[in-house]
Amino acid sequence: MLELVNLSKHFGKVKAVKDVSFTLYPGEVFGFIGPNGAGKSTTIRMIIGALEPTKGDILFNDKNIKENKNYIEKIAYVPGDVNLWGNLTGGEVIDFMMAAKGYHNDDRKAALIERFRLDIHKKCKTYSKGNKQKVALISAFLSDADVFIFDEPTTGLDPLMERVFHEEIINLKNNNKTVLLSSHILSEVEKLADRIAIIRDGKIIEAGTMNDLRHITRVEYIIETDDNIDALKHQKFIHDFSSDSDGYHMFIDNNDIPQFLRYLKIYNLKSLKTTPPKLEDIFMRYYEDAK
Amino acid sequence: MTYFRLIGRNVRFQVFLWLLILCGISLSIPSVFNTLYGTEEERLGMKMTVDNPAMVALIGPIPEGDYTSPVMFAHQMLLIMAIFHGLFNILIANGIGRKAEEEGLTEYILTTGTKKSTIISSQIMLGIIINILVCFILVVGLQLINVEGLSLPGNLYYALGLSLFGLSFFVLTLSFGQLFQSADLTFGLTLTVLLALYLYRAMTDVVDTRFSVISPYHWLSRIEAYGIESSGLWLMPFSIVILLVALSYVLFYKRDLGSGYFNIDKKPKERKISSYFRLAFINSKVLMMSWIVGLFIVGLSYGSIFGDLDQVIGQNDMLKAAFEGQDGTMFFINLLFIISALIATVPALMVNGRFLIEEKSGRLEMMNAATLNNRISLTTAYLIHWFYANLVGILSYLLTLVGMYLASINVTGLELTEVDYIKGLINYSAAMVFIIGVSSLLIGIYARLHIFVWIYLAYIFLVNYLGSLIDLNENFLKLSPFYYLSDVPIEGLDELAVVIVTSLGIVMMLIGLICIRKRNLL
């Protein structure tokens, strides 16, 4: 549906995006995460046509967007920091967005406005950050777009509205739409995304499904035992060893797990627990590597 | 709804208000002039009054032919109104152009499928529609006024002149908005062009009008709206608008959104800021410096014509008689003293107004909550802004006077002494403190009321400007602090008036202080 091929963006000497490539398919939610200043917004702005790539191509439905300028009509976008026209009401902005996209379903509009609990009769300059976001979100959902791009969509929303948003995303997925979700709320990305790409310093450092990503990180094991495990502590495959009321905590690289488990056989364990790595752990690993 | 209607709706009220005020002023003048200068003799007297370098600098050269009411109206109002129409257009254009882009709105619109070409065309179209409205209102309004000589062609020339002038600055702002990355810079530069062209013309009109040709203000003078030989030819140079339109179009199309063609990327040096006193200074530094320097230059340009003033009035028996023995030169210098004080009040009000920006953005509450022992309280911030307002006002005024003094230092026969300048400074600074007091009082009562101090300032300006030309009803003048102060340098300094006016200013500030501690922050 949407393909980025070796996309780069240079601002003078600063290389904000370096050789970024990924593909989005219909019916999937693609998580796009990275530290602040990594190049997420720049990449997104190239996709929506606000910036001209320095190198590389963007293909929409296998056609280069430079030749097919109308691709933007099939994209719905929610910006990271929503600013609206102060003297217009929320309703007027939503109506404009609908008219611009040629979308005419008033029932759906009323339903969404109610779901998101937005008072559309107030002027945008009186809206809080969350309400402005709601306007942008509702406007995005009221379209026949094929690709939906969300940049930090839920930062100002309360948990109830966050859930409404999540439900709408699943709705989109079920209708075979494509969603590009850029968010710092890793639990949200982990919950919704089918595939994830991690960008840092302008480059994609990792991409794949959660399962793929889990393989390249460390797994946490929690052991309870009365034995002296000094020998275990100092093994080279043990990382971040600590001890608390739950027992001994240690992190093992995926590749080393067979060796670790063999090692454990020599001990009398009272309990052995493991948790699959959270996206946060994966993310922090890359973030810490940078330091 | 289209993008065009979207941005139109957003500025609807603002535009309505400006149109009401600007066209209202233009339309109210012809009858006033006609009533007060009903006879040809009176008008001839007025013509003589304005036939001197100081007035030529202010309103342009005397048009040929009879000085009828309409001719007088166009001659005296066109250039001043042009400045305001220019300002109006700059504000609207910057708002929908670079400012909207800075806020990410233009990018947002782009994602709805609106094409770049539509965006820039809509912006330009909005400028055209607004100025067509200006033209229409003025023509129709003028036609309806029952004053002899307000012919249709004349009215058209007046209205077209102002609307084309306004449109030029609208499109210029859009073009500058393409070049520069910040909305503030764009506004500052276009405003500078607006005022610089006026000042340039002021100087060249006095020296040799052939040099004035570069300035659009001069084109307006040369149209001679109601004269015998009105020349629509002088509307032609405004076709520069077409060039500017093409320029904005091309520049917008080619660039990345959010960027400009001139990107200024200076690395700022680290500063140690540990008090609001210093913070407020740093935030207002550029504003204060530029106005102080600007006003010094204004002072210089005023002072440079003192020499000619003296000559012209000295030689003219009729003018001498008109002033009934009073010194005409001194009269004009007094007018300049007053106008300079009013202009110096502008940066003062801007600096005081910054308090409201701190309030609205939430930074005021943040500072208040973040500091120990209430170190940066509402009172602190309020007083500091008031202090800097007075500082920049008085300093700017001082430098205007210094400029006038330096430029006229070699003029012989001028009865203006250094002491007169000092008296002027003290006298009219009192008026400034008063107006700043009004500003602080309004801030204290309710943030949104502050706009009225600008209306008040404009009112005082108009009243003094018109008051010098026509016999305005005294009651209008009573609302201005200048009424109560003596007319330096014509009269001596009235110390009591100075003390009272200044004290009133301070008292108003104090009342505002009490109010602000009680009211809800916005």
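This text follows the structure it describes.
Residues numbered from 1 in each chain as written. Chains lettered and ligands numbered in written order. Predicted model: local features only at pLDDT ≥ 70, side-chain atom pairs only at ≥ 80, totals over all residues. Heavy atoms only, no water.

Trainee: Which residues make up the overall build of chain A, and what values go with them?
Mentor: Along the backbone of chain A there are ten helices and 14 strands. On the principal axes, the C-alpha backbone points of chain A span a range of 70 × 40 × 35 Å. Evaluated residue by residue, chain A yields a buried proportion of 47% over its 291 residues. In chain A, the share of contacts with a sequence separation of at least 24, taken over all contacts with a separation of at least 6, comes to 69%. Accessible area of chain A: about 13900 Å², with a carbon and sulfur share of 45%. In chain A, 40 positive and 43 negative side-chain charges are present, and the distance between their average locations comes to 4 Å. (Helix = DSSP H or I, 4+ residues; strand = E, 2+ residues; numbered from the N terminus. Buried < 20%, exposed > 50% of the residue type's maximum accessible area, 1.4 Å probe, protein only. Contact = heavy atoms within 4.5 Å. Areas by Shrake-Rupley, 256 points an atom, 1.4 Å probe, with all protein chains shown as cover. Lys, Arg positive; Asp, Glu negative; His and termini not counted. Charge placed at Lys NZ, Arg CZ, Asp CG, Glu CD.)

Trainee: Pulling in residues and values, what's your account of the nonpolar core?
Mentor: Generally speaking, a soluble globular protein has its nonpolar side chains buried in company with each other. Membership of the largest hydrophobic core comes to 166 residues, with the highest contact counts inside it found for F150 of chain A together with Y158 of chain B. In terms of residues, this core owes the most to one element, helix α4 (residues 69–102) of chain B, which gives 17 residues. Ignoring any residue separated from it by four or fewer positions in sequence, one finds Y158 of chain B in contact with S26, F73, A74, M77, L78, M81, L138, L142, A225 and Y226 of chain B. Among the nonpolar cores identified, the runner-up in size contains 43 residues, and L336, I339, A341 and F482 of chain B belong to it. (Core = buried A, V, L, I, M, F, W, Y, C linked by side-chain atoms within 4.5 Å.)

Trainee: Please provide a residue-by-residue account of the pattern of salt bridges, values included.
Mentor: Using the criterion set out here, one finds 17 salt bridges over all chains in the structure. The residue R195 of chain A makes a salt bridge to E28 of chain A at a minimum N-O spacing of 2.7 Å. Residue R195 of chain A is located in strand β9 (residues 195–200), and its partner E28 of chain A is located in the loop between β2 (14–24) and β3 (29–33); the two are separated by 167 residues in the primary sequence. According to the relative accessible area criterion, E28 of chain A is buried, its value standing at 8%. Across the pair E107 of chain B and R45 of chain A runs a salt bridge whose closest N-O atoms are separated by 2.5 Å. Taken together, the residues span two chains, with E107 of chain B in helix α5 (residues 105–110) and R45 of chain A in helix α1 (residues 40–47). Among the residues examined, E107 of chain B registers a relative accessible area of 11% and is labelled buried. Here the salt bridges share partners, and the residues they tie into one network are R108, R115, E167 and E168 of chain A. (Salt bridge = Lys/Arg side-chain N within 4 Å of Asp/Glu carboxyl O.)

Trainee: Go over the interface of chain A and chain B with me, naming the residues and quoting the values.
Mentor: With 27 residues of chain A in contact, the opposing surface of chain B contributes 20 residues. When chain A packs against chain B, the two sides together hide about 2300 Å² of surface, and 59% of this comes from carbon and sulfur. Contact with chain B buries area across many residues of chain A, yet N83, W85 and F96 of chain A alone supply 28% of it, more than any other trio. Counting across the chain A and chain B interface gives six residue pairs in polar contact (both at pLDDT 80 or more). Secondary-structure elements contributing two or more residues to the side of chain A that touches chain B are β6 (75–78), α2 (90–101) and α4 (129–141) of chain A. By residue number, the principal contributor to the side of chain A that touches chain B is α2 of chain A, which donates six residues. Of the residues in the side of chain A that touches chain B, the class split is 15 nonpolar, six polar and six charged. (Buried area = accessible area lost by both parts, 1.4 Å probe. Polar contact = N/O pair within 3.5 Å; in protein donor to acceptor, adjacent residues only side chain to side chain. Nonpolar A, V, L, I, M, F, W, Y, C, P; charged D, E, K, R; others polar.)

Trainee: Got a sec to walk through a negative patch on the surface? Specific residues and values, please.
Mentor: All names here are of chain B. A surface patch of like charges, here negative, comprises E40, E41, E42 and D66. Mapped onto the elements, D66 comes out in the loop between α3 (53–59) and α4. According to the relative accessible area criterion, D66 is exposed, its value standing at 54%. (Patch = residues over 30% accessible without salt bridge, like charges linked within 9 Å, V, L, I, M, F, W, Y side chains within 5 Å.)

Trainee: Residue-level account of helix α9 (residues 257–264) of chain A, with values.
Mentor: All names here are of chain A. Those residues of α9 that fall on the buried side of the exposure criterion are I257, F260 and L264. Buried residues of α9, viewed axially, fall in a sector of 60 degrees; they line one side. Lining the buried residues of α9 we find β11 (218–225), α8 (230–233), β12 (238–244), β13 (247–253) and β14 (269–275). (Arc of directions from axis to C-beta.)

Trainee: Outline the sheet that holds strand β4 (residues 55–60) of chain A, supporting the account with residue identities and numerical values.
Mentor: All names here are of chain A. The four strands lie next to each other as β2-β1-β4-β5, forming an open sheet whose pairing is antiparallel. Pairing within the sheet leaves two strands with one partner each, and these edge strands are β2 and β5 (63–64). Here strand β1 (residues 2–11) runs beside β2; their pairing, made up of seven bridges, is antiparallel. For L4, the partnering residue across the bridge sits in β2 and is F22. The strands touched by α1 within the sheet are β1, β2 and β4, with β1 carrying the most contacts at an inclination of about 115 degrees. (Pairing = 2+ DSSP bridges. Axes fitted to C-alpha atoms, helices over the stretch in contact; angles between N-to-C directions.)

Trainee: Help me get a handle on the pairing of β3 of chain A, residues and values and all.
Mentor: Residues and elements named next belong to chain A. Among the five residues of β3, five are classified as buried, and the element is accordingly described as predominantly covered. Burial of the side chains of β3 extends over both faces: V29, G31 and I33 are buried on one face and F30 and F32 on the other. Sheet topology note: the β3/strand β8 (residues 178–182) ladder contains four bridges and is parallel. From the neighbouring strand, V29 faces β8, where its bridge partner is V179.

Trainee: Describe unusual backbone geometry, and please don't skip the residues or the numbers.
Mentor: Looking along the chain, the bond that leaves V488 of chain B and enters P489 of chain B is cis, with omega of 5 degrees. Along the chain, P489 of chain B falls in the loop between α20 (481–484) and α21 (495–518). Within the chain, D19 of chain A stands out as a residue other than glycine whose phi angle is a positive 50 degrees. Within the secondary structure layout, D19 of chain A lies in strand β2.

Trainee: Outline the packing of aromatic side chains, supporting the account with residue identities and numerical values.
Mentor: The final tally for this structure, using the stated rule, is 31 aromatic pairs over all chains. Where F141 of chain A meets F150 of chain A, the ring centres are 5.7 Å apart and the plane angle is 45 degrees; that geometry is what we call tilted. Summarising the burial analysis for this pair, F141 of chain A and F150 of chain A share the class buried. On the basis of an interplanar angle of 25 degrees and a centroid distance of 5.3 Å, the ring pair of W18 of chain B and F88 of chain B is categorised as stacked. Taken as a pair, W18 of chain B in helix α1 (residues 3–36) and F88 of chain B in helix α4 lie far apart in primary sequence, 70 residues in all. With relative accessibility at 0%, the residue F88 of chain B sits in the buried group. Grouped by ring-pair contacts, the aromatic residues F165, F169, Y198, Y217, W219 and F238 of chain B constitute a single cluster. Looking at R201 of chain B, its charged tip hangs above the ring of Y198 of chain B, at a distance of 4.9 Å from the centre. (Phe/Tyr/Trp six-rings, centres within 6.5 Å; stacked < 30°, edge-to-face > 60°. Lys NZ or Arg CZ within 6 Å of the ring centre and 35° of its normal.)

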